[in-house]
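# Topology and contacts: notes
Letter by letter, the chains look like this.
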Amino acid sequence: MSLSITMQKIVDYFWQELSWIQVGRASKWLVENIKVDAGYGFMPVGQLGNITLPDSQTIKIEVWDKSSLAPIEKAIYDSNSWLSPQNPGWYLLIKVPVLTSERRDQLKKQVSKMGEEIKARLRVSRQDEIKSIKKEFEEKVLSEDHKKSAEKETDEITKKFTDMVDHMIKLKHDEISSI
């Protein structure tokens, strides 16, 4: 697999992870993939009920099996998602809290940490590519000039994707600050 394709997959994964961080508004992504011990194995909330958004600040989870209501509620509390479900009977209501400045700072730190982890993955991919180039050079598959140009191209590709990650972090920070 080429380096660009590998790095694109890493960056796409990061973009998806960032989209799950919703700030100040309801989204089914906030609860959909929380794992619940449903008595017959762990399942995501999205497979145990219907998730709807009655308004921009509320998530409603209508369960298909009433016995899974309490485990879902517990899983949401245990998920460290800052969400507090209310259980009026056959469904759960979750009011998405308004962001405080403290919570904004925590989200920014979380985004920055995730970005650093992704950039570390990009560096590992770069190192693997450089090792591959050196191996081909030692096996006399590549000439010295081709080796240097391949290493330079590897560095350029890595910089391009690292800059992309930095841009995504900045966009998410701006979104967190503006809402």
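In what follows, the structure referred to is the one given above.
Let us look at the structure shown here. Predicted, not measured: the structure shown is a model, and the values here were computed from it.

Here is what the cut-offs are and how they apply
- Residues numbered from 1 in each chain as written.
- Predicted model: local features only at pLDDT ≥ 70, side-chain atom pairs only at ≥ 80, totals over all residues.
- Heavy atoms only, no water.
- Pairing = 2+ DSSP bridges.
- Helix = DSSP H or I, 4+ residues; strand = E, 2+ residues; numbered from the N terminus.
- Contact = heavy atoms within 4.5 Å.
- Axes fitted to C-alpha atoms, helices over the stretch in contact; angles between N-to-C directions.
- Salt bridge = Lys/Arg side-chain N within 4 Å of Asp/Glu carboxyl O.
- Buried < 20%, exposed > 50% of the residue type's maximum accessible area, 1.4 Å probe, protein only.
- Expected span 1.5 Å × (residues − 1).

## Concerning the sheet that holds strand 4 (residues 58-63)
With antiparallel pairing, the 4 strands of this open sheet are ordered in space as 3-4-6-5. Taken across any chain shown, the strands that pair with only one partner, and hence form the sheet edges, are strand 3 (49-55) and strand 5 (85-86). Where strand 3 lies against strand 4, 5 bridges are found, and the strand directions are antiparallel. Across the sheet, the residue bridging to Gly49 is Val63, located in strand 4. Across the face of the sheet, helix 2 (residues 69-78) comes into contact with strand 4, strand 5 and strand 6 (91-95) while running at roughly 20° to strand 6.

## Details of the pattern of salt bridges
For the structure shown, the criterion picks out 8 salt bridges. When the shortest N-O distance is used, the salt bridge between Glu116 and Lys119 registers 3.2 Å. Highlighted residues: Glu116 and Lys119, both in helix 3 (residues 101-138), separated by 3 residues, approximately one helical turn. Exposure remark for Glu116: the relative accessible area of 42% places this residue in the partly exposed category.

## Observations regarding helix 4 (residues 144-178)
The end-to-end C-alpha distance of helix 4, which contains 35 residues, comes to 51 Å, matching closely the 51 Å that a straight helix rising 1.5 Å per residue would cover. Listed as buried for helix 4 are Lys147, Ala150, Glu151, Thr154, Ile157, Thr158, Phe161, Val165, Met168, Ile169, Lys172 and Ile176. Each element contacted by the buried residues of helix 4 is listed here: helix 1 (3-20) and helix 3.

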